[in-house]
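# Notes for the structure review
Each chain is listed here by its residues.
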Amino acid sequence: MSTWIKACAADEIDDEDLIRWDYDGQTFALFNTPRGFFATDGLCTHEDQHLEDGIVIGQVIECPLHQGRFDIASGKALSAPVCVDLKTYPVKLEAGCVFVDIG
Amino acid sequence: MTPAPIATNAASSGVKLERKTLRQLGKRSDVPGLIWLAHWVVFLLGGGVLLHLSVGTWWVVPAMIAYGAVLVVPTYALSHETSHGTAFRTRWLNDALLWISSFIYFEEPNHRRYAHTSHHTYTMHVGKDGQMPFALPMTFREWLVELTHLGFYWYEIKLFVKNALGRFSPLVLQYTPEDELPKLKWGARVYLAAYATLLAFIAAGHVWPLLYLVLPRLVGAPVMQMFTILQHAELSEDTPSILDSTRSYKGGWLSWFLYMNMNNHVEHHLYPQVPFYALPGLQKAIEDQVPEPDPGFWRTNYEVAAVVARRSLGLSTRAPSIRQAPHMITEGGFTKISEANMR
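These lines cover the structure that appears in this document, whether it is placed above or below. Given the structure is predicted, the values throughout are model-derived calculations rather than measurements. (Residues numbered from 1 in each chain as written. Chains lettered and ligands numbered in written order. Predicted model: local features only at pLDDT ≥ 70, side-chain atom pairs only at ≥ 80, totals over all residues. Heavy atoms only, no water.)

### Focus on the interface of chain B and chain A
In many analyses, interface size is given as the accessible surface area lost on bringing the parts together. With 27 residues of chain B at the interface, the matching set in chain A holds 26 residues. When chain B packs against chain A, close to 2,300 Å² is buried across both sides, 49% of that on carbon and sulfur atoms. Linking chain B to chain A there are twelve residue pairs in polar contact (both at pLDDT 80 or more). Taken together, the residues of the side of chain B that touches chain A break down into nine nonpolar, ten polar and eight charged. (Contact = heavy atoms within 4.5 Å. Buried area = accessible area lost by both parts, 1.4 Å probe. Polar contact = N/O pair within 3.5 Å; in protein donor to acceptor, adjacent residues only side chain to side chain. Nonpolar A, V, L, I, M, F, W, Y, C, P; charged D, E, K, R; others polar.)

Below, the structure written as structure tokens:
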């Protein structure tokens, strides 16, 4: 079942960057990349560090604590120390706003 | 979900930096790393030529020390920076140089990465930080073992054999995800095979690996250790604040070249996502929130050495100018806090 929630205005996220978004007791990371907007769980799967201070490198998010890397679109864990994929969520843009399907 | 560990970093230390500044400082590029690498290659070649010319004379002693320092200190720095994945933007370049530099440094790269994650999550937390190479507080004997790197060689030999056999220590199991253990096992096997090949090569009468790799690695180690001992010596254990557990000291071009700016060690632990070439910029950006860096390399080393010697002699351990945790300063005698976990 789809549950689309309005998360933020698209221009709140700089190009090649991310913001933290908290909703209903869950925390997410919202990304603006060269290939569009994406949403993932907010916490790194290695040690639950929030990704909000991480560095976006193209389509990759790097965790700020140990520099483990995930593919932003697929959530796939790309390099140690992360080895568990990140959960991703469908995103759509409507009227200049980012909507996330939190399921 | 596993409860989140309270990582020792900027947030746990009360240090703040505007997102835009952090993003700018964390930006990745291959250029600064390649410029650094070119310097290293030139100095290694130059030092190697001088060492070659000095063989058979007494000049071989200073030539070996100089070449050893130029080989080993940057090897440590590169192995550390590439284990973070921050030396270069290009991932394969990071990984290739991680494996090469870690081979000289004498640590299997997968293990190096995981042990170092625990050092960042639990900086100087007894029983949790997997990289506490000396007992606390440090005595003169501990300082000597650390300076010569003898404790490290012994620890790594045991680790290589145990990991290659799949007999992981409780400490290794503590910081390595179970799914990643096979990587540690195979990495240790590959490195042991490579070291055995190197030894066989030397035993067969080829002197150059001994002259340009093994002996300089041993001779250069104390110079490397003079850089690394300063990172946390005489500071606090079991504190969430990097400002209390970690030391920065003043440095210039030599610190950039030999140590990849890791004299800015407080800044590195606060924001490990910032690459080495941006650490001086980070230092400037947060200088009003962090302690004044200790004096330069020589002065800070002298004071640490003097403090540990006085501790072993039962004298006052108050240093003239470097930062010390209050409980490290006594007027004679000390209570042991913890043993080294890399022995």
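### Quick word on unusual backbone geometry
In terms of backbone geometry, most residues other than glycine have negative phi values and most peptide bonds are trans. Omega for the bond connecting Ala80 of chain A with Pro81 of chain A falls within 30 degrees of zero, at 10°, which places this linkage in the cis form. Relative to the helices and strands, Pro81 of chain A is located in the loop between β8 (77–79) and β9 (88–89). Located in the positive-phi region is Gln67 of chain A, a residue other than glycine, with phi close to 65°. Secondary-structure assignment places Gln67 of chain A in the loop between β6 (60–62) and β7 (69–71). Non-glycine residue Phe106 of chain B carries a positive phi angle of around 85°. (Helix = DSSP H or I, 4+ residues; strand = E, 2+ residues; numbered from the N terminus.)

### With respect to the side chain of His269 of chain B
Residue and element names in this part refer to chain B. Its location among the elements puts His269 in helix α14 (residues 265–270). His269 sits in the buried class, given a relative accessible area of 0%. Discounting residues that sit within four places of it in the chain, His269 has contacts with Thr8, Asn9, His119, His120, Thr123, His232, Ile242 and Thr246. (Buried < 20%, exposed > 50% of the residue type's maximum accessible area, 1.4 Å probe, protein only.)

### Brief notes about a nonpolar patch on the surface
Residues and elements named next belong to chain B. Judged by side-chain polarity, Trp58, Val61, Ile65, Val207, Leu210, Leu215, Leu218 and Val219 come together as a nonpolar surface patch covering roughly 730 Å² of accessible area. For the nonpolar patch, the elements supplying multiple residues, two or more each, are α4 (60–84) and α11 (208–228). No other element matches α11, which puts four residues into the nonpolar patch. You can call Val61 partly exposed: its relative accessible area is 41%. (Patch = residues over 30% accessible without salt bridge, like charges linked within 9 Å, V, L, I, M, F, W, Y side chains within 5 Å. Areas by Shrake-Rupley, 256 points an atom, 1.4 Å probe, with all protein chains shown as cover. Salt bridge = Lys/Arg side-chain N within 4 Å of Asp/Glu carboxyl O.)

### Some words on the sheet that holds β6 of chain A
Backbone hydrogen bonds are what pair the strands of a sheet, in a parallel or an antiparallel way. Residue and element names in this part refer to chain A. Ordered by their spatial adjacency, four strands build an open sheet running β5-β6-β7-β8, and the pairing between neighbours is antiparallel. Each edge of the sheet is formed by a strand with only one pairing partner; in this case those strands are β5 (55–57) and β8. The mean angle between the axes of side-by-side strands here comes to 30°, regardless of whether they run parallel or antiparallel. Sheet topology note: the β7/β8 ladder contains two bridges and is antiparallel. Pairing of Arg69 across the sheet is with Ser79, part of β8. (Pairing = 2+ DSSP bridges. Axes fitted to C-alpha atoms, helices over the stretch in contact; angles between N-to-C directions.)

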